[in-house]
Amino acid sequence: MSAAAIMLAVAAGWTGCLVEDRQVEIVLNDEHCERFAEHHTAANYVTPGLLEFSDELDVLLADNGIDKEQIVDAFLVGGFFEVIEFSHPHDWEIEGIITVERTDIADDPDTLVVYTSVSVEDALGNRTRMTLHPRGVAAIDRALDDYLAGGYPALLLTVISGGVQPPPSPVDPLSFRWESCLAIQVIYTLETRIIDPLGG
């Protein structure tokens, strides 16, 4: 037995404390964001954006020194959007949906967000929480489960316009850049040593 171990044993005997190895659960918060560049001369448009989902999760685990085997659960907890670039003489109000689908497997798109009467000007520089549709949330949670099981899911977010006021035109195009972010929680286990002051 090393000198340090002997000292620890003696100290535990003096104080009546026991040192135990235990596993604790740690919550790690992360965001996965995709930027969209919108430039449209008609009210009906579709803008896709591929989210580097698995790559970003790999980086998250590596940066925190976590192995997949340590992860207990991972799930979507919310979403945000923010207009990051907009310069125009007048505002626009937009509505539509955002869908999510897997591109690594044959999968139909699911609705993730339904938005109505969103002012582009008001959203500039303002981080706004999105109300997420249950079907889209379930699709992302399934992708997280597949990732933890060893898969490498890829997610495609698609903006489908449902209307723009005033209607854009070639001489007055709708033009702005914005960012959509998905907030994810990862729960993992960490082995640590805990002192029991009651001595068991």
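Q: Describe the packing of aromatic side chains, listing the residues and the values that go with them.
A: Between two aromatic rings, the relevant description is the distance of the centres plus the angle of the planes. Enumeration over the complete set of coordinates arrives at 1 aromatic pair. Above the face of the Phe80 ring, Arg127 is positioned so that its terminal group lies 4.6 Å from the ring centre.

Q: Break down helix H4 (residues 134–148) for me, with residues and values.
A: Taking 1.5 Å of rise per residue, 15 residues should cover 21 Å, and H4 covers 21 Å from first to last C-alpha, within 8% of that figure. Restricting attention to buried positions, one finds in H4 the residues Gly136, Ala139, Ile140, Ala143, Leu144 and Tyr147. Down the axis of H4, the buried set is contained in an arc of 140 degrees. They therefore lie on one face. Summarising the geometry of H4, the exposed residues directed more than 90 degrees from the buried face are Pro134 and Arg135. Phi turns positive, to about 110 degrees, at Gly150, one or two residues after H4.

Q: Before we move on, could you go through the environment of Glu56 and cite the residues and values that matter?
A: Positionally, Glu56 belongs in helix H2 (residues 53–63). Classification of Glu56 by relative accessible area gives partly exposed; the value is 25%. Sequence separation between Glu56 and Glu31 is 25 residues; the distance between their C-alpha atoms is 9.2 Å. Discounting chain neighbours no more than four positions away, the residues touching Glu56 are Glu31, His32 and Cys33. In this structure the side chain of Glu56 is engaged in a polar contact, spanning 2.8 Å, whose partner is the side chain of His32.

Q: Explain the pattern of salt bridges residue by residue, including any values.
A: What the rule picks out here adds up to 7 salt bridges. Note that Arg135 and Asp110 form a salt bridge whose closest N and O atoms lie 3.0 Å from each other. One end of the pair, Arg135, is in helix H4; the other, Asp110, is in strand E5 (residues 110–119), with 25 residues separating them in the sequence. Shared partners join several salt bridges into a network, and the residues in it are Arg102, Asp104 and Asp146.

Q: Tell me about the packing of H2 against H4, and name the residues and values.
A: Where H2 meets H4, the axes come as close as 11 Å, and the angle between the chain directions of the two elements is 55 degrees. Between H2 and H4, the interaxial angle falls into the category oblique. As for the relative orientation of H2 and H4, their crossing is right-handed in sense. On H4, the residues touching Phe53, Ser54, Leu57, Asp58 and Leu61 of H2 are Ile140, Ala143, Leu144 and Tyr147. Taken together, the residues of the contact of H2 with H4 break down into 7 nonpolar, 1 polar and 1 charged.

Q: Give me the confidence of the model for the protein chain: which residues, what numbers.
A: Residues at a pLDDT of 70 or more form 86% of the protein chain, whose mean pLDDT is 87. Predicted confidence for residues 1–15 stays below pLDDT 50, and this span has 4 contacts to residues more than four positions away or in other chains.

Each value, and the rule that gives it
- Residues numbered from 1 in each chain as written.
- Predicted model: local features only at pLDDT ≥ 70, side-chain atom pairs only at ≥ 80, totals over all residues.
- Heavy atoms only, no water.
- Phe/Tyr/Trp six-rings, centres within 6.5 Å; stacked < 30°, edge-to-face > 60°.
- Lys NZ or Arg CZ within 6 Å of the ring centre and 35° of its normal.
- Helix = DSSP H or I, 4+ residues; strand = E, 2+ residues; numbered from the N terminus.
- Expected span 1.5 Å × (residues − 1).
- Buried < 20%, exposed > 50% of the residue type's maximum accessible area, 1.4 Å probe, protein only.
- Arc of directions from axis to C-beta.
- Contact = heavy atoms within 4.5 Å.
- Polar contact = N/O pair within 3.5 Å; in protein donor to acceptor, adjacent residues only side chain to side chain.
- Salt bridge = Lys/Arg side-chain N within 4 Å of Asp/Glu carboxyl O.
- Axes fitted to C-alpha atoms, helices over the stretch in contact; angles between N-to-C directions.
- Parallel < 35°, antiparallel > 145°, perpendicular 65-115°, else oblique.
- Left-handed = near helix turned anticlockwise from the far one by under 90°.
- Nonpolar A, V, L, I, M, F, W, Y, C, P; charged D, E, K, R; others polar.
- pLDDT = per-residue confidence, 0-100.

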